[in-house]
Amino acid sequence: MLKDIVKKSRSYRIFDESYKLEKQDLVDLIELARFSPCGKNGQYLRFIPICEEEVLKEIYPYLAWAAYLKDWGGPVEGDRPTGIILVVSKEGSLTDPILACDMGIASQSIMLGAVEKDLGGCMIRALNRKKIAEVLNLSDDYIIHIALAIGKPAQDVIVEDIHEGENIKYWMDEDKTHHVPKIILHDLILD
Ligand SMILES: Cc1cc2nc3c(=O)[nH]c(=O)nc-3n(C[C@H](O)[C@H](O)[C@H](O)COP(=O)(O)O)c2cc1C
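Overview of the structure. Being a predicted model, the structure only gives us computed values, none of them experimental. (Residues numbered from 1 in each chain as written. Predicted model: local features only at pLDDT ≥ 70, side-chain atom pairs only at ≥ 80, totals over all residues. Heavy atoms only, no water.)

1. Looking at the overall build of the chain
Convention followed: Strands are runs of DSSP state E lasting at least two residues, helices are runs of H or I lasting at least four, and both sets are numbered from the N terminus onward. The globule rule used here is 2.2 Å times the number of residues to the 0.38 power, and the radius of gyration it is set against is calculated over C-alpha atoms. Here the term buried applies to any residue with accessible area under 20% of the maximum for its type, exposed to any over 50%, and partly exposed to those in between, with areas from a 1.4 Å probe on protein chains only. Throughout, the Shrake-Rupley method with a 1.4 Å probe supplies accessible areas, and for residues the shown protein chains are the sole cover considered.
Tallying secondary structure elements over the chain gives six helices and seven strands in all. Along its sequence from the N terminus, the chain presents helices and strands in the succession α-α-β-α-β-α-β-α-β-β-β-β-α. By the compact-globule yardstick of 16 Å for 191 residues, the chain fits well, its C-alpha radius of gyration being 17 Å. If you line up the chain on its principal axes, its C-alpha atoms span 45 × 45 × 30 Å. The 191 residues of the chain split such that 42% are buried. If you sum the accessible surface of the chain, you get close to 11,100 Å²; carbon and sulfur atoms cover 51% of it.

2. Structural notes on unusual backbone geometry
Even without being a glycine, Gln-43 presents a positive backbone phi close to 55°. Tracing the backbone through its elements, the reader meets Gln-43 in the loop between helix H2 (23–34) and strand S1 (45–50). By relative accessible area, Gln-43 is classed as partly exposed at 47%. Despite not being glycine, Lys-176 has its phi angle at roughly 70°, a positive value.

3. Brief notes about the pattern of salt bridges
The test is simple: Criterion for a salt bridge: a side-chain nitrogen of Lys or Arg within 4 Å of a carboxyl oxygen of Asp or Glu.
A full pass over the atoms with the stated rule returns four salt bridges. Put simply, Glu-53 and Lys-20 hold a salt bridge, and the shortest N to O gap is 3.7 Å. Here Glu-53 is found in helix H3 (residues 53–59), whereas its partner Lys-20 is found in the loop between helix H1 (2–8) and H2, with 33 residues between them in sequence. Between Lys-130 and Glu-134 there is a salt bridge; the shortest N-O distance is 3.4 Å.

4. Let's talk about the side chain of Ser-36
Inclusion rule: Under this definition, polar contacts are N or O atom pairs within 3.5 Å; protein pairs additionally need one hydrogen-donor-capable and one acceptor-capable atom, and for neighbouring residues in sequence, both atoms have to be side-chain atoms. In this analysis, two residues are considered to be in contact whenever any of their non-hydrogen atoms come within 4.5 Å of each other.
Counting through the fold element by element, Ser-36 comes out in the loop between H2 and S1. Overall, the relative accessible area of 13% leaves Ser-36 in the buried class. In this structure the side chain of Ser-36 is engaged in a polar contact, spanning 2.6 Å, whose partner is the side chain of Ser-109. When residues no more than four places from it in sequence are discounted, the contact partners of Ser-36 are Ile-105, Ala-106 and Ser-109.

5. What to know about the site of the ligand
Stated precisely, the cut-off is as follows: The near set for a molecule or strand comprises every residue that places at least one heavy atom within 4 Å of it. Only Asp, Glu, Lys and Arg are considered charged in this grouping, and only Ala, Val, Leu, Ile, Met, Phe, Trp, Tyr, Cys and Pro are considered nonpolar; every other residue, Gly among them, is considered polar.
Near the ligand there are 15 residues, and of these Arg-10, Ser-11, Ala-66, Ala-126 and Lys-182 occur at the shortest range. In this structure, a nitrogen atom belonging to the ligand sits 3.0 Å away from a main-chain N or O atom of Met-123. Elements with a contribution of two residues or more to the shell around the ligand: strand S3 (120–124) and strand S7 (178–183). A total of three residues in the shell around the ligand trace back to one element, the largest contributor, which is S3. Along the lines of polarity and charge, the residues of the shell around the ligand split into 10 nonpolar, one polar and four charged.

In structure tokens:
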């Protein structure tokens, strides 16, 4: 059921790094973006699949994980994602609302597809675009919108019910279980 996939599609930030992804795994996920809607059917987004260990190692330092977890610096060696899909575009800007919508929709299709394959990941918009572009030798013409970090999750994520106005900050407990507060359905609906 779609609801089960959406519920399982949490942001995972700790992975089993021994589980390697092939480029084709990422390409299969990118195909889901191809079939996703986009404003004016503009199809401005392009996707860079990365699963080569040496390239991933160069990119990890430029991803910022979990801003609310002040005492946690992101996944350590052994816990890192084994694939990254960079969502880029040649036209528009980072603040162009159409591109922001397109990027979100395409990213969600990819992440849901990852869950269907028993994978998982995290969308990362807080990244050092300049450094990542340097690592990849990416032309200045391209803007990096977001990185989709993907791998075999090695962390439980629990959704906690909260009410409108309560603390929305996620937290991680001693077992590395991640807790993510979500406002209950009743409080989301205005009627
Ligand atoms: C557009 C977007 C940007 C995000 N950027 C980051 C990020 O830079 N670093 C990070 O650790 N998580 C990032 N996240 C993940 C969110 O923190 C996460 O979705 C939120 O905490 C809710 O958790 P959930 O995905 O399990 O529902 C991003 C999510 C979205 C949709």
